[in-house]
Amino acid sequence: MAILILAEERSHLQRAPLYLGTSYQAENRGGNFTYSSGTFNHNNGTFSYYPAYTTVTADVPTSVTFNNLIIKGYKGIIDIPADDTLIVAGTLTYSPGYISGVTTGTIEPQGNVSATTDPAQKHSTATFSFTTDGDQTISGNGGIGKVVINKSSGTVTATDNPKFRTFTLTNGTFVSTNETLTIGKNGYVNGDWTHTGGTFTHNNGTVSLEAKQEGTSYIDVPTTENFYNLITSNSYNGHVSISSEDTLVATGTLTLGRGSRGYVDTGTLEAQGNEMF
């Protein structure tokens with residue numbers, strides 16, 4: 001595949017249309033992506049963003065649609081303004097390198113997501129919004145940002161060992177991996193779990209709810225949430241807080257307070273299998 005290298009300082013589109021050919025991969029190495037007016041046409045191509053040793057901005061007029069989008073980087077942060085959305089109609093490959101990620105704003109995958117970098121959820125505060133009808137997958141052993149699923153129809157299925165910064169399910173179906181899904185990052189990120197609508201299926205896998213040092217991960221479910229294996233993995237004085245009228249049910253193995261002085265407060269934990277401390 002040929003690669004079109006955009007200006008190292010910035011990619012700036014104001015008026016003239018920019019077309020990405022299907023046999024090309026356009027790559028922005030370390031500059032801002034500013035799209036203020038004019039026409040951006042992805043033309044079924046691939047756009048690759050690779051910031052290094054810097055923070056760059058992806059500033060678009062409310063939203064822009066890519067076909068395939070690859071997020072990479074090394075000690076590089078991509079900041080999306082709070083009201084902006086990067087829509088990915090094809091495949092999103094999220095593989096930011098060391099101390100890299102996407103902050104603020106929204107990425108809206110309309111196809112499948114491949115997450116390959118662990119622990120990218122540590123530096124990724126952007127929202128990954130799944131709202132498109134139809135089925136989608138999140139694969140890989142890497143991390144992404146705050147996952148929000150609000151689909152009128154269709155299923156998001158996780159495979160391998162993905163890591164989410166936080167998790168919110170308001171509509172649609174989420175089928176978790178049959179391996180391990182990690183929410184948060186032990187010692188660094190509070191892994192909030194919010195389920196107010198739609199269907200969660202544990203798929204006989206493990207969910208690990210993690211908290212940062214002296215932090216709190218908040219859990220809110222529709223009265224009861226059934227997990228298979230459930231782990232609360234907390235850093236020093238970190239804890240998991242369950243809404244007072246809610247119950248987390250572990251039908252397999254429940255592992256509590258893995259970490260130094262971690263604990264669970266309020267709410268109810270119901271162990272239907274073995275318990276580990």
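All values reported here derive from a predicted model rather than from experimental measurement. Residue numbers here run from 1 along each chain, matching the order of that chain's written sequence. Only residues with pLDDT of at least 70 are given local features in this predicted model, and only at 80 or more are side-chain atom pairs given and counted; all residues enter the totals for whole chains, interfaces and linings. In computing side-chain values, all of the structure's heavy atoms are included and hydrogens and water are not.

Caption draft 1: Just the environment of Glu 275, in detail. Mapped onto the fold, Glu 275 is located in strand E33 (residues 274-276). Sequence separation between Glu 275 and Asn 229 is 46 residues, and the spatial gap between their C-alpha atoms is 9.9 Å. We call two residues contacting when some pair of their heavy atoms lies within 4.5 Å. Not counting residues within four places of it along the chain, the set of residues in contact with Glu 275 comprises Leu 254 and Leu 256. The secondary structure listing takes helices from DSSP runs of H or I that are at least 4 residues long and strands from runs of E that are at least 2 residues long, numbered from the N terminus.

Caption draft 2: Just the environment of Pro 222, in detail. With respect to the element layout, Pro 222 can be found in the loop between strand E25 (216-220) and strand E26 (224-227). Sequence separation between Pro 222 and Asp 246 is 24 residues, and the spatial gap between their C-alpha atoms is 7.2 Å.

Caption draft 3: Looking closely at the packing of aromatic side chains. Any Phe, Tyr or Trp ring, taking Trp's six-membered ring, that has another such ring centre within 6.5 Å forms a pair; planes under 30 degrees apart are called stacked, those over 60 apart edge-to-face, and the others tilted. Considering all chains together, one arrives at 17 aromatic pairs under this definition. Judged by centre distance (6.5 Å) and plane angle (45°), the ring pair of Tyr 35 and Phe 40 falls under tilted. The pair Tyr 35 / Phe 40 is uniform in exposure class, with both members buried. Consider the rings of Phe 200 and Phe 227, whose centres lie 5.5 Å apart with planes at 55°: the pair is tilted. Highlighted residues: Phe 200 in strand E23 (residues 199-201) and Phe 227 in strand E26, separated in sequence by 27 residues. The pair formed by Phe 200 and Phe 227 is uniform in burial state, with each residue classed as buried. Ring pairing ties together the aromatic residues Phe 33, Tyr 35, Phe 40, Phe 47, Tyr 49 and Phe 66, which thus form one cluster. In this structure, Lys 122 is placed above the aromatic ring of Tyr 188, and the distance from its NZ or CZ to the ring centre is 3.7 Å. Only protein chains enter the accessibility calculation, which uses a 1.4 Å probe; a residue is then buried when its area is under 20% of its type maximum, exposed when over 50%, and partly exposed in between. We count a charge as sitting over a ring when the NZ of a lysine or the CZ of an arginine lies within 6 Å of the ring centre and within 35 degrees of the ring normal.

Caption draft 4: Just the pairing of strand E20 (residues 163-175), in detail. Among the 13 residues in E20, 10 count as buried, and that is most of the element. Two strands pair under a simple rule: DSSP has to find at least two bridges between them. Strand direction decides the pairing type here: strand E19 (residues 143-158) and E20, joined by 10 bridges, are parallel. Bridge pairing links Thr 157 to Val 175 in E20. Relative to strand E21 (residues 180-183), E20 runs parallel, the two sharing 2 bridges. Residue pairing for E21: Lys 163 is matched across the bridge by Thr 182. In this sheet, strand E22 (residues 193-195) lies alongside E20 in parallel orientation, the contact comprising 3 bridges. Each residue of the ladder has a partner; that of Thr 168, found in E22, is Thr 194. Looking at chain direction, E20 and E23 are connected through 3 bridges and run parallel. For Phe 174, the partnering residue across the bridge sits in E23 and is Phe 200.

Caption draft 5: Spotlight on the confidence of the model for the protein chain. Per residue, pLDDT measures the predictor's confidence, with a range of 0 to 100. Taken residue by residue, the protein chain gives an average pLDDT of 86. The fraction at 70 or more is 86%. This stretch, residues 1-24, has a pLDDT under 50; its non-local contacts, to residues over four places away or in other chains, come to 63 contacts.

Caption draft 6: Quick look at the side chain of Lys 151. Secondary-structure assignment places Lys 151 in strand E19. In this tally, Asp and Glu contribute negative charge and Lys and Arg positive charge; neither His nor the terminal groups of the chain are included. Only one rule defines a salt bridge in this text: a Lys or Arg side-chain nitrogen within 4 Å of an Asp or Glu carboxyl oxygen. Although Lys 151 is buried, it forms no salt bridge, and the closest oppositely charged side chain is Asp 133 at an N-O distance of 6.2 Å. Polar contacts here mean pairs of N or O atoms no more than 3.5 Å apart (in protein, one a potential hydrogen donor and the other a potential acceptor; neighbouring residues in sequence count only if both atoms are side-chain atoms). Of note is the side chain of Lys 151, whose polar atom sits 2.3 Å from the backbone oxygen of Thr 132. With residues near it in sequence (within four places) discarded, Lys 151 still touches Phe 130, Thr 131, Thr 132, Asp 133, Gly 134, Gln 136, Val 156, Asn 171 and Gly 172.

Caption draft 7: Geometry of the pairing of strand E17 (residues 127-130). Residues Thr 127 and Ser 129 line one face of E17 and the alternating positions Phe 128 and Phe 130 line the opposite face, and both faces are buried. Pairing of strand E15 (residues 106-109) with E17, which is carried by 2 bridges, proceeds in the parallel orientation. Among the inter-strand pairings, Ile 107 is bridged to a residue of E17, identified as Phe 128. Pairing between E17 and E19: 4 bridges, direction parallel. The residue bridging Phe 128 from the neighbouring strand is Val 147, located in E19.

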